[in-house]
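Residue strings, one per chain:
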Amino acid sequence: MSKNCYATPTIEVRNYTSLLPDSSMVNCIYSISFCFFLFICSISFYPSDIKMQKAEYAWIPKKVDYELIDGKKNFRSRPIAFSEYHPLKPITVTESAGVKASSKRRKSDASSTKSGAESVKSSSGSTRSSSSATKDFIDPLSAMAIIDPLSAATQSTPKNSEQVESTEADILEVSTNDEYGEGFEHWASKKLFILSNYTLDEKLSMQMISISKSGDKAVGRSFYSSSTTERLQIRLNQLNDMEEGSVQELKTQSQQNFIDRMYDLGKNLRQSWESNQKVNALKIAIQCAKMLSDVSVMQFYPSKFVLIADILQTFGQLVYGRILSMCAGMSADKIDLDKVSDNAKEICLNWMMKIASIRELLPRILIEASILPCYNFLKKDECNSALVRLTNMAKGVGNPLVCVYVRTYLCMIGVKYTPKFKGHLLSNFYYFISTYKQIHTTSVQNEIAHQKLDMSTYLSLYMPALEWILSCIAHNAHESTLKDVLEKCAKTGNSLLILRCILASFKPDYVSARALDFSSIISQSDDSLFPKDVVFTTLGNSVIECDPPEKDKQPLLADVWKYIVKLQDPSEYITCAAVWTEYAVKNFKKKEVNTILGDILKHMVPDRAFEKHYSKLQDVVKRILTHMKSFSVVFAIERFLPFLDMFQKDDVKLDICTCVAEFFIKGSDQSTSDPLVINGMMYICRAMHDSINSMSLESERRSVGNAICAVIQKITFGRDFEQQLNFYVECRGSFRNLDSVLSALVHLVNTLSTTCTRIVKHKHTTKTASFVRACAAFCFITIPSLSDVYARLQLYLVSGQAALISHCVTQADAMFCAAVTQILDAPSLIANTDGKNVSTQNIMASYITNFLSTLLTVPDHPEQGILYLLRGLMNVISATGASGGLLSMESRISVYIKVLSLLSAYSQDRYLYRVEYVDSNEHLYSSDEKFLAEISSIGTTLLDELFAFLTASSQYKSSDRAAVASELFSTIIAFGNMEAPCMQKLAVTTWNLMIKTGGIDHKQLVKTISHVKGKGGSYAKVASSLSLSSKV
């Protein structure tokens, strides 16, 4: 190798000075680092705790012909046959013998496990041999196929009356046939929405229920011992008590207290039922039903209905479960009237009579509806007739708000228990339409005024109920059903409330087909009680989900936007505009979207209205990015970036920029070089970077850093490496405060350098040579900016390797020198993910081992002496031990043993591995005697250090010394020249020290001697000198 590659250490930039700081600064930084390293190397390597004396032992490495060894091993890849074993091949369990089950659960499942294993074995078709390496092996985890206790509990059947009674409420729930399948929103999914949206801060009034009165317990105990006449009298007294004596007082309480109380009532109802106080359970259900007549706090009424409906359904399930449990061999979906026992029919009729005797209409309707499936025990299809009768009875409920929720409950019961019967659904809806004008009556208007509600808020209380009724009607309904419903609504004046619920309930394709007609109806409606923007928003959701006819798309947007632009309330405007913006993005081009964004800016910028509606504005951005997959189109929208400028609050700005970055990262697997996209994404990333400050959490910094790194990796310029490096230089200046981004940039530039080298097939031209040196200079300047010392160490090592692959020997030398000097700055403790300080011993030892393996490929500097990098590293390791902390004595000793292995590799005529087209020391020295003497000298010094450790019995643990002796002995046998008498003596001495120290397993010692003896020649001679008893 020519001497030019070891010229004065400067990093040549040539035509790339525009990519880097001033070249004099680069040379100055490099010179300071290199001078400090030379000072370290000028110190001879003698560990501080070793006295200067004549060496007792010498290190003589053996010569190894790696090509001959590789030829003997004959490592050749071959395809694995399909029938052969492979780690990823599916495992077949053949038997489960030898599994020791210590628990009762395992014993109980042993038979099932065995039978399962036998079935698998029989299906395999043959018996597998355990001695064959190509056969399937037994998976111990699969072999222990034990059913978990929770699954076992659900599969077990109750064995006593208490268990049967506790599951009565669940019998109907499990066995009910569900005719309303996919696409239908069940009531259970609406409950959470209602409870979270219909809330208030006011106090609620609630009737306090007397669960039991004096004498109830005595009645319960003596009931079955009384005569029939006495029992009937007791029943009548209890029913009268339910009507008269149960309400104690009216109490005001908070919403949460009310909810807690309702849950307590449901629990009390179950407890009363389980303690055989059935009448008390009925009393609770009746009083809960009565609460629905109270509309003193109307804003909470939908949530109150949800809570009370749950209690009523629980009561109905308990009643039904008790009767069903008396019908042996029957299930909820298979009831044979001929086999129903007389006792079950009597109890069923008894409950019907009890409910029929309730004086007030509202609880009588609700309680009878809750036990509706009990009619199945009396007469076929009686449930259908009862539903129709209850629907007609609901006409007697005077308050329109209470009435619509009663009808909702009837529809809920019908859908759950008689899913095939739908005759009552339209009846309930049409009855509501016919009585809709009741909201204008004096009593209702006075109550609305008393509670200080506006009409739009009051009408919104009807929406959950109406939507549920209409969704039951619309499920799997024909398009003619929608026509009939619309005709009925037209006769009552096209109420916007009803129209909105129709749009939300029927299939979007039915609605979209008539979207333009719906828009005209809404625009021309004179209904001022319900806001039009809410109806237009619902219409927008339908046309987004299903496109309207092509000819209607443009007129529809124009018609709707005429109304939207007139909205003055920013909240109403942005809610409606967000939906129709998505419609425009989905169906039109950037021109229309740009116009809409401009109108949003016009409405939201005055008086800084955007500050109160950040969530809605974020929704607009997400809707745009969801449908516009090409960011070239997104950033071509003129008002998109000004729209993002409205997000001026730091945390909100960070959220929206992170959202845009995530869409860019996940939107496509392809990279981009579009300048418009690059400028836009760099603007986004800079905004994310600038939002990070000293108060930001580490998780936030990590999240932003990862997002920026992912964006940078998606921007490539193909074979234009100069422009790519220019881009990385710009990124380094823009994101200087994020170490994760700087680290990623160093890796990307290293990849760029090695890619360039691979493309030119390691034959650099003047231009490409200057480019790869510029890449090395970028890394050398960037790495010191990182705050984490260990990150700097890793990057110096990786960058040095990349520079060496790219034939930048001088630059690689500078990287390795900087890495060695950086070790002195490494802390001995670092904080882990839990915030606790942990030792860096293992991290540093692992790093030095990796560094040593790299040094084999690095040629020596002709002016700095033999193995100057290794000598400098050894001096730094010795200094870290002397300063106390970074590397313990045990860690240093372990490193010294690895250096002995490296010295053996250095002494070979041909190295085990090398960097292509880079001459390493094997070519520079060609086994020169001076070079080999230096290797022996370093090895001897290391041996002195090792034996000083092994013989210091009072300072170090015997287990540590035994481990070191064992590792050293293995290294001597593997890499030492056993033909030399001094090496034989060294091996025997090390063995004796290992035996004296103790702690090594006897079987391992015997195997070691056998292994050494099996190598033959001088090794057998050494093995004969090894003893299992101490001679030291």
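Thresholds, definitions, all that
Residues numbered from 1 in each chain as written. Predicted model: local features only at pLDDT ≥ 70, side-chain atom pairs only at ≥ 80, totals over all residues. Heavy atoms only, no water. Helix = DSSP H or I, 4+ residues; strand = E, 2+ residues; numbered from the N terminus. Buried < 20%, exposed > 50% of the residue type's maximum accessible area, 1.4 Å probe, protein only. Contact = heavy atoms within 4.5 Å. Polar contact = N/O pair within 3.5 Å; in protein donor to acceptor, adjacent residues only side chain to side chain. Salt bridge = Lys/Arg side-chain N within 4 Å of Asp/Glu carboxyl O. 1 Å grid on protein atoms, 1.4 Å probe; cavity = no way out; pocket = protein on both sides within 12 Å on 5 of 7 lines; lining within 4 Å. Points joined across faces, edges and corners; volume = space filled by probe spheres on them. Nonpolar A, V, L, I, M, F, W, Y, C, P; charged D, E, K, R; others polar. Expected span 1.5 Å × (residues − 1). Axes fitted to C-alpha atoms, helices over the stretch in contact; angles between N-to-C directions. Left-handed = near helix turned anticlockwise from the far one by under 90°. Phe/Tyr/Trp six-rings, centres within 6.5 Å; stacked < 30°, edge-to-face > 60°. Lys NZ or Arg CZ within 6 Å of the ring centre and 35° of its normal. Core = buried A, V, L, I, M, F, W, Y, C linked by side-chain atoms within 4.5 Å. pLDDT = per-residue confidence, 0-100.

1. Regarding the overall build of the protein chain
- Counting its regular elements, the protein chain contains 50 helices and 4 strands.
- In the protein chain, which comprises 1032 residues, the proportion classed as buried is 48%.
- The long-range share in the protein chain, meaning contacts at least 24 apart out of those at least 6 apart in sequence, stands at 76%.

2. Overview of the environment of Ser 734
- With respect to the helices and strands, Ser 734 occurs in helix 37 (residues 721-734).
- The exposure class of Ser 734 is buried, given its relative accessible area of 13%.
- Considering only alpha carbons, one finds Ser 734 and Arg 686, 48 residues apart in sequence, at a separation of 6.6 Å.
- In contact with Ser 734, not counting residues within four places along its chain, are Met 682, Arg 686 and His 689.
- A distance of 3.0 Å separates a polar atom in the side chain of Ser 734 from the backbone oxygen of Glu 730.

3. Section: the pattern of salt bridges
- Here the structure, examined in full by the defined rule, presents 18 salt bridges.
- The partner of Asp 547 in a salt bridge is Lys 586, with the nearest N and O atoms 3.5 Å apart. In this pair, Asp 547 is assigned in the loop between helix 27 (532-545) and helix 28 (550-564) and Lys 586 in helix 29 (residues 570-587), connecting sequence segments 39 residues apart.
- For Asp 547, a relative accessible area of 36% corresponds to the partly exposed category.
- Among the residues examined, Lys 586 registers a relative accessible area of 33% and is labelled partly exposed.
- A salt bridge links Lys 653 to Asp 645, with the nearest nitrogen and oxygen atoms 3.8 Å apart.

4. Section: the layout of surface pockets
- Taken as a whole, the largest pocket holds about 1,200 Å³ of empty space.
- Breaking the lining of the largest pocket down by element, the ones donating at least two residues are helix 9 (187-197), helix 21 (455-460), helix 22 (463-474), helix 24 (496-505), helix 27 and helix 29.
- Among the elements that take part in the lining of the largest pocket, helix 27 stands out by supplying 7 residues, more than any other.
- For the lining of the largest pocket, the residue count by class is 16 nonpolar, 17 polar and 9 charged.

5. Section: helix 41 (residues 809-822)
- In this model helix 41 runs 20 Å from its N-terminal to its C-terminal C-alpha over 14 residues, within 8% of the 20 Å that 1.5 Å per residue would give.
- Of all 14 residues in helix 41, 14 are buried; the element is thus mostly enclosed.

6. Here we look at the packing of helix 46 (residues 929-951) against helix 47 (residues 958-975)
- Orientation of helix 46 relative to helix 47, taken along the N-to-C sense of each, is 145 degrees, at an axis distance of 9 Å. For the crossing formed where helix 46 meets helix 47, the hand is left-handed. Of the residues in helix 47, those in contact with Leu 943, Leu 946, Phe 949 and Leu 950 of helix 46 are Asp 960, Arg 961, Val 964, Ala 965 and Leu 968.
- A breakdown of the residues in the contact of helix 46 with helix 47 according to their chemical character gives 7 nonpolar, no polar and 2 charged.

7. Quick word on the packing of aromatic side chains
- By the definition in use, this model includes 34 aromatic pairs.
- Look at Phe 721 and Phe 771: their rings are 6.0 Å apart centre to centre, the planes differ by 25 degrees, and that puts the pair in the stacked class. You can see Phe 721 sitting in helix 37 and its partner Phe 771 sitting in helix 39 (residues 766-782), a full 50 residues away along the chain. For the residue pair Phe 721 and Phe 771, the accessibility class agrees, reading buried in each case.
- Counting every residue linked through ring pairs, the aromatic cluster contains Trp 187, Tyr 301, Phe 305, Tyr 405, Tyr 409 and Trp 468.
- The ring of Trp 351 carries Lys 354 above its face, with NZ or CZ at 4.2 Å from the centroid.

8. Here's the deal with the nonpolar core
- Ranked by size, the top nonpolar core spans 306 residues in total, and within it Tyr 458, Trp 580, Ile 600, Leu 870, Leu 903 and Tyr 906 carry the most contacts.
- The greatest single-element share of this core, amounting to 14 residues, is contributed by helix 14 (residues 301-325).
- Excluding its chain neighbours within four sequence positions, the residues that come into contact with Tyr 458 are Met 298, Pro 400, Leu 401, Ile 439, Val 444 and Ile 448.

9. Some remarks on helix 47
- For helix 47, built from 18 residues, the straight-helix expectation of 26 Å at 1.5 Å per residue is met to within 8% by its first-to-last C-alpha distance of 25 Å.
- Burial in helix 47 covers these residues: Arg 961, Ala 962, Val 964, Ala 965, Ser 966, Leu 968, Phe 969, Thr 971, Ile 972 and Ile 973.
- Where the residues of helix 47 are buried, they touch helix 44 (889-906), helix 46, helix 48 (981-997), helix 49 (1002-1014) and helix 50 (1018-1024).

10. Focus: the side chain of Thr 658
- Turning to its location among the elements, Thr 658 is positioned in helix 34 (residues 650-667).
- A polar side-chain atom of Thr 658 sits 2.7 Å from the main-chain carbonyl oxygen of Leu 654.

11. Quick notes on unusual backbone geometry
- For Arg 608, which is not glycine, the phi dihedral falls at a positive 50 degrees.
- Relative to the elements of secondary structure, Arg 608 occurs in the loop between helix 30 (590-604) and helix 31 (614-627).
- Judged by relative accessible area, Arg 608 falls into the partly exposed class, the value being 40%.
- The backbone of His 762 sits at a positive phi, close to 65 degrees, despite the residue not being glycine.

12. Digging into the side chain of Gln 984
- Take Gln 984: it is sitting in helix 48.
- The residues touching Gln 984, leaving out its near neighbours within four places in the chain, are Met 978, Glu 979, Ser 1018, Lys 1021 and Val 1022.

13. A short note on the environment of Arg 608
- Put simply, Arg 608 and Met 646 are 38 residues apart on the chain and 8.7 Å apart in space, counted from C-alpha to C-alpha.
- Separated by 2.7 Å, the side chains of Arg 608 and Gln 648 make a polar contact.

14. Observations concerning the confidence of the model for the protein chain
- With 77% of its residues at a pLDDT of at least 70, the protein chain reaches an overall mean of 80.
- Low pLDDT, under 50, characterises residues 73-177; the stretch is placed with 84 contacts to residues that sit more than four places away or in other chains.
- With pLDDT under 50 throughout, residues 207-225 is counted as low confidence; its partners more than four residues away or in other chains account for 41 contacts.

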